[in-house]
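The primary structure of each chain is shown beneath.
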Amino acid sequence: MGAVSTEADLANPTNKSDSFHIAFCVDNNYFRAMGATITSIIDNNPGVHFTFHVLTFAASEEHCRRLLELEKKFNVRTCLHVLNTSDFKQFDHFIKFSYYSLSIFTRLVIPSILKGITDRVLYLDADILCVGKLDELIEMDISNDIAVVVPDAPVTTKRRVAALNLKHPHYFNGGVLFINVNKWLENHITEQTMEALMQHGKKLRFNDQDALNIVLDGRARYIDPKFNYLYDLIHDLNVNKTAMRPVGNAVFIHFAGAVKPWTDWSGHDARNMFRKYHALSPWSDMPLDQKPRNTKELRMHSRFLFKQGKPLESLKWYLQYLRVRSRK
């Protein structure tokens, strides 16, 4: 495990009270997006000291350098946790009989990795942008909670509650989790979640998110949706709308759909929001995605162009989609 800031420094008792800890789980391709998430948090919360933990299986030297730039540019700490199989040794009996890749378990080991470093940590997906203040979360007492969560969209909640046979009519989106580290560990939430993954298998449409909902059924504290405002860009692009819809008092906007705000080819105004924070980050020299990068994006781009009344351009991209798919 490597660290940009040393874990000894992070474990200093004064840091526990003086710094607000936020964790990300990313692969090498998501550091750019995470950089925009981090700078959006910093930009909207002046005067707050943050410690950002990055859990990953690999990080290029370039990304490590940019994390150090982040520390120098802003008054924050960063800690890079490069995971290896030894970090999952205590879960060998789950993993060896599982068809899931190790990456699916990364979010679940945050509490064990950060034990002794902080009592509480806010986990965020890297396709989130912060547009408000975190004072309410920072000041929140979660000493009696295992985790504080945000409800998923009503239609998703209804379907997943039924599909998972949950006892309570609540279902949360795993993109934002405010974790009480000690209570999580004391209640063996990670082990129980892995057991749920193994037991229910392909019944789980959203893998560890579904499993966490099973384990935390009736045990999680729900807070306002403004802390995980789900925004699906496909909803807009399917009806040829490129302007951002009102997001009310949202604090975190979570672009959870398949189209992200860094896809320049989408033409959606969400790109401008991403550009604003991306420009403040050490990853600012990395351009937005100019073209679709996989078959799913190629097919969506073709569909969106057709909705825009551009049949010839739509056909061109659909043929490109067919060529790429046939090569696979």
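Worth saying up front: this structure is predicted, and the values here are computed from it rather than measured. (Residues numbered from 1 in each chain as written. Predicted model: local features only at pLDDT ≥ 70, side-chain atom pairs only at ≥ 80, totals over all residues. Heavy atoms only, no water.)

J.: An account of the packing of aromatic side chains is requested, with residue identities and associated values reported.
T.: Overall, the coordinates contain 10 aromatic pairs when judged by the stated rule. A centroid spacing of 5.6 Å and a plane angle of 90° characterise the contact between Tyr30 and Trp262, whose relative ring orientation is edge-to-face. Remark: Trp262 occurs in the loop between strand S10 (252–254) and helix H13 (270–278) and Tyr30 occurs in the loop between strand S1 (20–25) and helix H3 (31–44); sequence separation between them is 232 residues. Every member of this aromatic cluster is reached through a ring pair, and the members are Phe20, Phe24, Phe50, Phe52 and Phe178. In this structure, Arg245 packs its charged tip against the face of Tyr231, placed 4.1 Å from the ring centre. (Phe/Tyr/Trp six-rings, centres within 6.5 Å; stacked < 30°, edge-to-face > 60°. Helix = DSSP H or I, 4+ residues; strand = E, 2+ residues; numbered from the N terminus. Lys NZ or Arg CZ within 6 Å of the ring centre and 35° of its normal.)

J.: Give a description of the confidence of the model for the protein chain that names residues and reports values.
T.: Low pLDDT marks stretches whose predicted atomic positions should not be read closely. Confidence along the protein chain averages 92 in pLDDT terms, with 95% of residues attaining 70 or more. Counted against residues more than four places away or in other chains, residues 6–16, with its pLDDT under 50, gives 22 contacts. (pLDDT = per-residue confidence, 0-100. Contact = heavy atoms within 4.5 Å.)

J.: Provide a residue-level description of the nonpolar core, including the pertinent values.
T.: Core analysis: the largest hydrophobic core is formed by 40 residues, its most contacted members being Phe105, Trp184, Leu212 and Leu216. It is helix H10 (residues 189–200) that contributes the most residues to this core, four residues altogether. Not counting the four nearest positions on each side in its chain, Trp184 is found in contact with Leu108, Pro111, Ile146, Ala147, Ile179, Ile189, Thr190, Leu212 and Leu216. Judged by nonpolar contacts, the second largest core, of 35 residues, contains Ile22, Phe24, Leu124 and Val251. (Core = buried A, V, L, I, M, F, W, Y, C linked by side-chain atoms within 4.5 Å. Buried < 20%, exposed > 50% of the residue type's maximum accessible area, 1.4 Å probe, protein only.)

J.: Give a description of the sheet that holds S1 that names residues and reports values.
T.: What holds strands together in a sheet is hydrogen bonding between their backbones, with the strands either parallel or antiparallel. With mixed pairing, seven strands are arranged side by side in an open sheet as S3-S2-S1-S4-S7-S6-S8. Both edges of this open sheet fall to strand S3 (77–82) and strand S8 (221–222), since each of them pairs with a single strand only. The sheet contact formed by strand S2 (residues 50–56) and S3 spans six bridges and is parallel. If you follow Val54 over to S3, its bridge partner there is Leu80. (Pairing = 2+ DSSP bridges.)

J.: An account of the sheet that holds strand S9 (residues 229–230) is requested, with residue identities and associated values reported.
T.: Read across the open sheet, the three strands follow the order S5-S10-S9; overall the sheet is mixed. Two strands bound the open sheet, and with one partner strand each, they are strand S5 (128–130) and S9. In the sheet, S9 pairs with S10 via two bridges, with the strands oriented parallel. When the bridges of S10 are listed, Tyr229 appears paired with Ile253. Packed onto the sheet, H3 meets S5 and S10 and runs at close to 15° relative to S5. (Axes fitted to C-alpha atoms, helices over the stretch in contact; angles between N-to-C directions.)

J.: Tell me about the environment of Trp317, residues and numbers included.
T.: Among the secondary structure elements, Trp317 is positioned in helix H15 (residues 311–327). Assessed through its relative accessible area of 15%, Trp317 is described here as buried. Separated by 12 residues in the primary sequence, Trp317 and Leu305 have C-alpha atoms spaced 8.9 Å apart. When residues no more than four places from it in sequence are discounted, the contact partners of Trp317 are Lys291, Pro292, Leu298, His301, Ser302 and Leu305.

J.: Now, about the packing of H3 against helix H4 (residues 61–73): what can you tell me, with residues and values included?
T.: At a closest axis distance of 11 Å, the pairing of H3 and H4 adopts a crossing angle of 5°. By the angle between their directions, the pair H3 and H4 is classed as roughly parallel. Along its contact with H3, which presents Phe31, Met34, Ile38 and Thr39, the element H4 presents His63, Leu67 and Leu70. Class assignment for the residues of the contact of H3 with H4 results in five nonpolar, two polar and no charged. (Parallel < 35°, antiparallel > 145°, perpendicular 65-115°, else oblique. Nonpolar A, V, L, I, M, F, W, Y, C, P; charged D, E, K, R; others polar.)

J.: Give me the lowdown on the layout of surface pockets, citing residues and values where you can.
T.: Put simply, the largest pocket is a space of about 2,000 Å³. Per element, the largest residue contribution to the lining of the largest pocket is four residues, and it comes from helix H8 (residues 154–164). In terms of residue class, the lining of the largest pocket is made up of 19 nonpolar, 15 polar and 16 charged. (1 Å grid on protein atoms, 1.4 Å probe; cavity = no way out; pocket = protein on both sides within 12 Å on 5 of 7 lines; lining within 4 Å. Points joined across faces, edges and corners; volume = space filled by probe spheres on them.)

J.: Give a detailed account of the pattern of salt bridges, specifying residues and quantitative values.
T.: What the rule picks out here adds up to 14 salt bridges. Note that Arg32 is salt-bridged to Asp289, the shortest N-O span being 3.0 Å. Note that Arg32 is positioned in helix H3 and Asp289 in the loop between H13 and helix H14 (295–307), a separation of 257 residues in sequence. Using a relative accessible area of 7% as the deciding quantity, one classes Arg32 as buried. Look at Asp289 and you get buried, because its relative accessible area is 3%. The structure contains a network of salt bridges with shared partners spanning Glu62, Arg65, Arg66, Glu69 and Asp285. (Salt bridge = Lys/Arg side-chain N within 4 Å of Asp/Glu carboxyl O.)

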